[in-house]
Amino acid sequence: MPRVPSCAALVLLTLLGCRRDDEAEGCAARFCLSLDAPGLMITLRRDDTTLLTLPADGLQLGLRDELPDTLSYDPWFEDKDADYVSVVEILPVEGQSGAWRLRFAEDAEATLTIEEVGEGNFALQLTPDAATAARAGYVRLRPRVSAAEGFYGLGELFDRPEHRGARRAMQLELDLALESGYNEAHVPVPLLIGTTGWGLFVEDLHPGVFDVATQEDTLVEVTFGVGVDSADGLRFHLYAADHPLDVTRRYYETTVFPTLPAPWALGPWVWRDESADEAEVRDDLQTLRDLDLATSGYWIDRPYANAVNSFDFDARFPDPEGMISLAHSLGFRMALWHTPYVEEQAGALHQQALDEGWFPPVVPVVFNNWSDPIDFTDPAATSAWQSLIQRYTDIGIEGFKLDYGEDIVPGLNGGRLVWGFEDGSDERTMHREYARLYHKTYAELLPADGGFLLCRAGTWGSQAWTRVIWPGDLDASFARHGEQDTNRDGEVYTAVGGLPAAVSASMSLGPSGFPFFASDTGGYRHSPPDKELFMRWFQHTALTAVMQIGTSTNDVAWESTADNGFDEELLDSYREYTRLHLRLFPMLWSYAQALLQDGRPIVRALGLAYPELGVHPDDTYMLGDHLLVAPVIERGARERALVVPPGRFIHWFDDTIIEGPGELTVPAPLDTLPLYLAEGGVVPLLRPTIDTLSPTDTPETVDSFVEDPGLLYARVFPGPEGEFVLYDGGIITQTATDDGARLSWSPGTVFTQGLVVELLGLDDTPGAVTLDGAALAEATSLTALESGASPGWVAEGGHVWVRLPPSGGVVELGG
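Report on the accompanying structure. (Residues numbered from 1 in each chain as written. Predicted model: local features only at pLDDT ≥ 70, side-chain atom pairs only at ≥ 80, totals over all residues. Heavy atoms only, no water.)

### A word on the overall build of the chain
Check the secondary structure of the chain and you find 15 helices and 47 strands. In terms of C-alpha radius of gyration, the chain reaches 28 Å, essentially the compact-globule figure of 28 Å for 815 residues. If you line up the chain on its principal axes, its C-alpha atoms span 85 × 70 × 50 Å. The buried share among the 815 residues of the chain stands at 63%. Considering only intrachain contacts with a sequence separation of at least 6, the fraction spanning at least 24 residues in the chain is 69%. Here the chain displays about 27800 Å² of accessible surface, and carbon together with sulfur accounts for 48% of that area. Distance between charge centroids for the chain: 3 Å, based on 54 positive and 126 negative side chains. (Helix = DSSP H or I, 4+ residues; strand = E, 2+ residues; numbered from the N terminus. Rg over C-alpha atoms; globule rule 2.2 N^0.38 Å. Buried < 20%, exposed > 50% of the residue type's maximum accessible area, 1.4 Å probe, protein only. Contact = heavy atoms within 4.5 Å. Areas by Shrake-Rupley, 256 points an atom, 1.4 Å probe, with all protein chains shown as cover. Lys, Arg positive; Asp, Glu negative; His and termini not counted. Charge placed at Lys NZ, Arg CZ, Asp CG, Glu CD.)

Here it is, written out as structure tokens:
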């Protein structure tokens, strides 16, 4: 049986004259949703703190004289025939716990049910009665919130990850001013998170709009156009948590926790927009190894087949099985670009799709150059499509880049663009549901370890199938979203956004339920990137969960052209940052596994991670708990302003120590990302020579983590006592002491060969180092320490390195 909210029973006492003080005192739960019927008020609390309220006008119905089927009911457009009415009376429903009868103005009525489904997790359903449903084309929520807090979530955003003062559509909309012609809402998620520790999730696929404090600084207004489906009502959820980073877990509990990609899917990946032929692919694979460029995967973008989705390879790829075998031998996983279409040039396959009805029965217009989309609501069409996909998976393809699939939109300027699908659904919900079915069709054929699925679109719940989001075609520039920019031909355009948009999207998606994101390093539109842009971009993507490198002009780091200006300095820096990304795998994968329990994103906007700062920079984030990342997103900048959280932080590359809270200007040479490790932080790493996360049959030349996990490394800035729990169950603890530091390591199940710890920020070289109370021998050099078999320590380059044995132990460093 559903549980009634912990305060709901006390509302009945309120109706009988119980004092509000009694109600507050009687609510024993830390997270409480109460309904005050006489006061027409719903209140969400954490302990004694009010997080949000829904007053009488907090629940509204948008009434029309009639609900014509020709309208899209997209609330992005003002419906001048809709009259929004508020609650005027609340009465309990006799014999139904947690149910309330709401009377609105203009004789409208609805039932509100409230269910506590978990700690700090409340589900509410507002359902108009039959007579009202015939008039209620819209449902609106108007919570009152803190005037000082910030707002996160809502999916992928290119302008900024924080939403105060913004109006966000939950569907694609025309935006003819923008160079793409639409609003770039590829991954809208109707989950809004307030930095005081609450969340609002609307569990609905109809068109919606979140108006975030544009009218009043304490008002959020959420409108969904349910239209002719209004009898089904609107289901929404209110969440409360101790920290805003914890709200996403409540959302996962409501929908589904993400399915993780394969470990090797974290990359780095390399691709070209147009592969010339099989010989070029083979040459790329060998060059990556010859130049010692850490890479785990390679995908072939189009064209490679005889037609779009002809499920073959054309004559330029005479031996695809041999090519894939070479890739595997050299330690690469392989993926292909794909779409949900089959163009006429595919010949017999296109005719089969027509004859067997693979396309939707009703199609108004499509936004691609190839065909109608496959109808994945049709089991027969889906099964046939999956049998074709297996032509690739059977020869060793282990992932797909899923492009397009966004033809279905709610309408145009308020009118419908009518779609009809095999299961009876239409564009009213399929504008978001289609991507989920599209991705599911491919995900079901991926390897058991999760494989690799790089997707352009998504919505709530599709994190079950969508492994990694990529933002589509960003600009190869430093332009911000919506900013006027000029291309190489002198033409002025309004930018989708370049590197700043990639950084914003990486921060907005994690709390919205998509923890894995990878932008095209270097950008796509208006390629090629020049040297400065490419370097700044790979510095950023190296410090994200997934790294992939490619542009629309086929730029790779080792090929210089007159337009891109790449050189040896760039290549050396690229080598350093791609390997850093690969080395970060133990940290990244540990956070990936942890989010299946705690829900916390891996990339965390600074204002979300540290709400007490009260600021929301769009260019600074935490990677996990301990790494402060400050990408440089302005052309020509060799320093940048940085908001520093409380505590001390040490520069990853030059050991400069900064302290917060406050704002500083920090240096940012072209070859250096401002990257800082928090005091007390632990960052586990793979060995410095690692080449790939994928298996190889040439381990003597390709250093593969799968073939040999090797020594575990860790960087530590000793400080307040803390620990890092690795995904394999190993635990590294550290604490600063009066004369040095104390470390311990309890090994897990993967890293069993020993641990090499690099300590940063020590004031002095230790006079003595002990392991479990016994003195450790000082090595002659770091090389000797790493290559030997015995525990020991060495001071080198201003850092202290300590090697622990496979059995682990406790290390003391002192005077």
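### Concerning a negative patch on the surface
Taken together, the side chains of Asp697, Glu700, Glu707 and Asp708 define an acidic patch exposed on the protein surface. Summarising the element assignment, glutamate 700 is placed in the loop between β37 (682-685) and β38 (712-716). Exposure remark for glutamate 700: the relative accessible area of 63% places this residue in the exposed category. (Patch = residues over 30% accessible without salt bridge, like charges linked within 9 Å, V, L, I, M, F, W, Y side chains within 5 Å. Salt bridge = Lys/Arg side-chain N within 4 Å of Asp/Glu carboxyl O.)

### Topic: the pairing of strand β16 (residues 208-212)
The buried fraction of β16 is high, at five of five residues. Alternating positions in β16 separate into two faces, Gly208, Phe210 and Val212 on one and Val209 and Asp211 on the other, with burial throughout. Summarising the sheet, strand β11 (residues 166-169) and β16 pair through four bridges and their orientation is antiparallel. In the sheet register, alanine 169 faces β16, and the bridge partner there is valine 209. (Pairing = 2+ DSSP bridges.)

### A few points about the nonpolar core
If you look at the biggest cluster of nonpolar residues, it comprises 193 residues, and the most contacted ones within it are Trp385, Phe400, Leu543, Leu627 and Val802. Apart from residues lying up to four places away in sequence, leucine 543 is in contact with Leu580, Leu584, Tyr621, Leu623, Leu627, Val629, Leu673 and Leu675. In terms of nonpolar packing, the next biggest core, distinct from the first, is built from 48 residues, Leu51, Phe151, Leu234 and Leu238 among them. (Core = buried A, V, L, I, M, F, W, Y, C linked by side-chain atoms within 4.5 Å.)

### With respect to the side chain of serine 590
Inspection of the secondary structure puts serine 590 in helix α13 (residues 585-598). Owing to a relative accessible area of 6%, serine 590 belongs among the buried residues under this scheme. In this structure, serine 590 is in contact with Phe585, Phe724, Val725, Leu726 and Tyr727, ignoring residues within four places of it in sequence.

### With respect to the packing of aromatic side chains
Tallied over the entire structure, the rule returns 43 aromatic pairs. Relative to tyrosine 252, the ring of tyrosine 251 has its centre 5.8 Å away and its plane inclined at 45 degrees; by these criteria the two rings are tilted. Judged by relative accessible area, tyrosine 251 falls into the buried class, the value being 0%. Between phenylalanine 400 and tyrosine 442, the ring centres sit 5.2 Å apart and the planes meet at 70 degrees, which makes this aromatic pair edge-to-face. Here tyrosine 442 lies in helix α9 (residues 427-443) and phenylalanine 400 lies in strand β22 (residues 399-402), a separation of 42 residues in the sequence. Residues phenylalanine 400 and tyrosine 442 agree in their burial class; the two are buried. Site record: aromatic cluster; members linked through ring pairs are Tyr304, Phe311, Phe313, Phe317, Trp358, Trp385 and Tyr392. A cation over a ring is seen here: lysine 401 above tryptophan 271, with NZ or CZ 4.2 Å from the ring centre. (Phe/Tyr/Trp six-rings, centres within 6.5 Å; stacked < 30°, edge-to-face > 60°. Lys NZ or Arg CZ within 6 Å of the ring centre and 35° of its normal.)

### Some words on unusual backbone geometry
The omega torsion across glycine 267 and proline 268 is 5 degrees, close enough to zero to call that bond cis. Its location among the elements puts proline 268 in the loop between α4 (247-254) and β19 (269-272). Look at the link from glycine 660 to proline 661: it is a cis peptide, with omega at 15 degrees. On the secondary structure map, proline 661 appears in strand β35 (residues 657-667). One non-glycine residue, glutamate 184, adopts positive backbone phi at about 65 degrees. The residue alanine 213 is not glycine, and still its phi comes out positive at about 55 degrees. Its location among the elements puts alanine 213 in the loop between β16 and β17 (220-224). Among the residues examined, alanine 213 registers a relative accessible area of 11% and is labelled buried.

### Quick notes on the environment of leucine 762
With respect to the secondary-structure elements, leucine 762 resides in the loop between β42 (755-759) and β43 (768-771). C-alpha separation for the pair leucine 762 and histidine 799, spaced 37 residues apart in sequence, amounts to 7.5 Å. Contacts of leucine 762, omitting those with residues within four sequence positions, involve Pro718, Val800 and Leu813.

Just distances and angles here, no functional claims.
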